[in-house]
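Residue-level structure breakdown
So you can see what is in the structure, the chains are spelled out below.
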Amino acid sequence: MTKRVSAKHKLDRRMGENIWGRPKSPINKREYGPGQHGQRRKGKVSDFGVQLRAKQKLKGYYASIGEKQFHAIYVEASRLKGDTGANLIGLLERRLDAVVYRAKFVPTVFAARQFVSHGHVKVNGRRVNIPSYKVKVGDVIEVKEASKQLALVIEAAASGERDTPDYLEVDAAKATAKFVRVPELNEVPYPVVMEPNLVVEFYSR
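These numbers were taken from a predicted model, which means no experiment stands behind them.

Two elements, strand β4 (residues 168-171) and strand β5 (residues 176-179), share four bridges in a ladder whose sense is antiparallel. Residue pairing across strands places D171 opposite T176, the latter belonging to β5. Counted between consecutive antiparallel strands, the loop separating β4 from β5 contains four residues, among which A175 sits at a positive phi close to 55 degrees.

Okay, structure coming up:
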């Protein structure tokens with residue numbers, strides 16, 4: 001098992017949820033946390049603990065974004081008009097690696113980050129290799145022609161494990177996706193309940 005897969009499985013078990021909805025998650029077999037004391041860890045959780053857990057779950061879902069970068073996204077969300085929690089989700093879903101994952105160009109959000117970093121993706125015809133690049137409404141994201149035959153691209157396109165959301169217009173045959181609108185929380189196809197309001201409370205302490 002690679003370090004990345006091990007880390008993903010550990011996060012699932014720590015949260016007690018199958019965060020990405022993957023069939024190989026250890027939570028499908030055992031619902032206690034990692035480590036030798038994992039089965040004895042279910043005590044009462046404080047408000048701070050609940051907020052921290054919500055932050056770790058959301059941050060972990062997007063390929064374990066670093067704390068500094070995640071906090072910067074929160075700060076940006078808090079400066080925008082409207083609900084900070086909704087803004088936070090909108091900014092996360094505008095990340096290029098998130099769009100590549102949602103469009104089913106690759107099988108996992110971790111693979112999406114690496115896929116973008118390795119230069120396999122174009123935005124409006126120009127190569128972009130920054131996973132955190134902020135996609136705008138109307139942008140067209142595509143897999144480079146030379147990358148369309150990669151095994152993970154073919155595997156992801158054929159998978160029936162998840163559907164593409166309505167805020168993307170995806171042409172699977174051409175491996176292109178248009179970012180139609182910034183989604184609301186209830187439009188984002190999370191396999192588990194995400195609570196951005198608790199993340200806001202965490203950072204507002």
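Okay, the pattern of salt bridges next. As enumerated under the stated definition, the model contains eight salt bridges in all. For E67, the salt bridge is made with K59, and the minimal N-O distance between the two is 3.1 Å. Take K59: its relative accessible area is 13%, and that puts it in the buried class. With a closest N to O distance of 2.3 Å, R181 and E187 form a salt bridge. Look at R181 and you get partly exposed, because its relative accessible area is 31%. Within the structure, one salt-bridge network assembled from shared partners comprises K55, K59 and E67.

This brings us to the side chain of S147. Here S147 is to be found in the loop between β3 (140-143) and α7 (151-158). On the basis of relative accessible area, S147 is assigned to the buried category, the value being 4%. Excluding residues that lie within four positions of it along the chain, S147 makes contacts with F115, H120 and V153.

Relative orientation of the contacting elements helix α3 (residues 67-79) and helix α8 (residues 196-203) amounts to 100 degrees, with a least axis distance of 11 Å. Classified by the interaxial angle, the pair formed by α3 and α8 is roughly perpendicular. Every residue of α8 that contacts α3 at E67, F70, H71 and Y74 is listed here: V199, V200 and Y203.

Counting along an α-helix, one turn takes 3.6 residues, and residues three or four places apart therefore face a common direction. Listing the buried residues of helix α6 (residues 109-117) in full gives V109, F110, A111, A112, F115 and V116. Directly beyond the C-terminal end of α6, a positive phi value near 80 degrees is found at G119.

Another point: the nonpolar core. Grouped together as the largest cluster of nonpolar side chains are 49 residues, with contacts concentrated most on L58, L96, V100 and I141. Among residues more than four places away in sequence, those in contact with L96 are V116, V121, V123, V128, I130, P131, Y133, V135 and I141.

Moving on: the environment of V170. For V170, the location among the structural elements is in strand β4. Each C-alpha atom, one on V170 and one on V140, is 9.6 Å from the other, the two residues being 30 residues apart in sequence. Beyond its immediate sequence surroundings of up to four residues, V170 is in contact with A103, T164, T176 and A177.

Take the packing of aromatic side chains next. Counted by the stated rule, this structure contains seven aromatic pairs. Look at Y61 and Y190: their rings are 5.1 Å apart centre to centre, the planes differ by 80 degrees, and that puts the pair in the edge-to-face class. In this pair, Y61 is assigned in helix α2 (residues 47-61) and Y190 in the loop between β5 and α8, connecting sequence segments 129 residues apart. Since its relative accessible area comes to 13%, Y190 is described here as buried. Geometry around F202 places R205 over its ring, the cationic atom sitting 4.3 Å from the centre.

Rules used in this analysis
Residues numbered from 1 in each chain as written. Predicted model: local features only at pLDDT ≥ 70, side-chain atom pairs only at ≥ 80, totals over all residues. Heavy atoms only, no water. Pairing = 2+ DSSP bridges. Helix = DSSP H or I, 4+ residues; strand = E, 2+ residues; numbered from the N terminus. Salt bridge = Lys/Arg side-chain N within 4 Å of Asp/Glu carboxyl O. Buried < 20%, exposed > 50% of the residue type's maximum accessible area, 1.4 Å probe, protein only. Contact = heavy atoms within 4.5 Å. Axes fitted to C-alpha atoms, helices over the stretch in contact; angles between N-to-C directions. Parallel < 35°, antiparallel > 145°, perpendicular 65-115°, else oblique. Core = buried A, V, L, I, M, F, W, Y, C linked by side-chain atoms within 4.5 Å. Phe/Tyr/Trp six-rings, centres within 6.5 Å; stacked < 30°, edge-to-face > 60°. Lys NZ or Arg CZ within 6 Å of the ring centre and 35° of its normal.

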